[in-house]
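Spelled out, the chains give:
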Amino acid sequence: MKSSGSNETLSIGAVAGRFGLPTHVLRHWETMGLLSPARDTAGRRRYGTDALTRVAVILRAKEAGLSLAGIRSLTTADSAARREILRREAEAARSAIAAARSRLDLIECALGCDHEDVARCPHFRRVLAERIDTGSPSP
């Protein structure tokens, strides 16, 4: 594929190689309804510019933590449903970030502690006391 205006298409192997994917992944995405490559006269898959863009979108969405089913829903839903899906995904991401921050705080606290047993560290004990007083569940 030379330019965005080119009609040249790529084989499944060429697309897989371009994105560092096994060909079976592209076939699976097709069965999931995420891709629908054109076919040549012999029935072989042919990927044009739109299909390459679609593969890049799927990969980016997966990097963002979306499931294949979620990605499919985003592409098939109407605007209101898509926004609701994205709101739920955003909330799940916020929860994961909060849990990761809490984990990192605990780890950094333990790393900075000179006590043999971190449970004896005054700072750590204050954090535990706050948790006990408020009854906050562990993230």
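Just so we're clear, the structure is a prediction, and the values are computed from it rather than from any experiment.

Caption draft 1: How the structure looks around the packing of helix α1 (residues 12–19) against helix α2 (residues 23–31). The geometry of α1 relative to α2 is characterised by a closest axis approach of 8 Å and an angle of 105° between their N-to-C directions. Compared by their axis directions, α1 and α2 come out roughly perpendicular. On the side of α1, the interface is formed by I12, G13, V15 and A16, while α2 contributes T23, L26 and R27. Of the residues belonging to the contact of α1 with α2, the class tally is four nonpolar, two polar and one charged.

Caption draft 2: Examining the nonpolar core more closely. Counting 24 residues, the largest nonpolar core has L26, W29 and V55 as its most contacted members. For this core, the elements supplying multiple residues, two or more each, are α1, α2, α3 (49–63) and α4 (68–76). Element by element, the count of residues in this core is highest for α3, at six residues. Not counting residues up to four positions away in its chain, the partners in contact with W29 are L21, L34, L35, V55, I58, L59, K62 and L68.

Caption draft 3: Examining the environment of I85 more closely. Residue position: I85 is located in helix α5 (residues 79–111). Sequence spacing of I85 and T75 is 10 residues, and the spatial spacing of their C-alpha atoms is 11 Å.

Caption draft 4: Highlighting the packing of α1 against α3. At their nearest, the axes of α1 and α3 sit 11 Å apart, and the two run at 40° to each other. Relative to α3, the element α1 is oriented oblique. α1 and α3 meet at a crossing whose hand is right-handed. Here α1 contributes V15, R18 and F19 to the contact with α3, which in turn contributes L52, V55, A56 and L59. The residue inventory of the contact of α1 with α3, partitioned by class, reads six nonpolar, no polar and one charged.

Caption draft 5: Spatial organisation of the environment of H115. Relative to the helices and strands, H115 is located in the loop between α5 and α6 (122–134). Take H115: its relative accessible area is 40%, and that puts it in the partly exposed class. In contact with H115, not counting residues within four places along its chain, are R120, C121 and P122.

Caption draft 6: Looking closely at α3. Taking 1.5 Å of rise per residue, the 15 residues of α3 would be expected to cover 21 Å, and the 21 Å separating its terminal C-alpha atoms lies within 8% of that figure. Along α3, the residues that are buried comprise A51, L52, V55, I58, L59 and A61. Against the buried residues of α3 lie α1, α2 and α4. The first or second residue beyond α3 is G65, which carries a positive phi of 95°.

Caption draft 7: Inspection of α2 at higher detail. Those residues of α2 not exposed but buried are V25, L26 and W29. Considered in projection along α2, the buried side chains sweep an arc of 100° and stay on one side of the axis. Turned more than 90 degrees from where α2 packs its buried face, H24 and T31 sit exposed. Residues of α2 that are buried in the fold lie against α1, α3 and α4. Directly after α2, the chain includes G33, whose backbone phi takes a positive value near 85°.

Calculation rules
- Residues numbered from 1 in each chain as written.
- Predicted model: local features only at pLDDT ≥ 70, side-chain atom pairs only at ≥ 80, totals over all residues.
- Heavy atoms only, no water.
- Axes fitted to C-alpha atoms, helices over the stretch in contact; angles between N-to-C directions.
- Helix = DSSP H or I, 4+ residues; strand = E, 2+ residues; numbered from the N terminus.
- Parallel < 35°, antiparallel > 145°, perpendicular 65-115°, else oblique.
- Contact = heavy atoms within 4.5 Å.
- Nonpolar A, V, L, I, M, F, W, Y, C, P; charged D, E, K, R; others polar.
- Core = buried A, V, L, I, M, F, W, Y, C linked by side-chain atoms within 4.5 Å.
- Buried < 20%, exposed > 50% of the residue type's maximum accessible area, 1.4 Å probe, protein only.
- Left-handed = near helix turned anticlockwise from the far one by under 90°.
- Expected span 1.5 Å × (residues − 1).
- Arc of directions from axis to C-beta.

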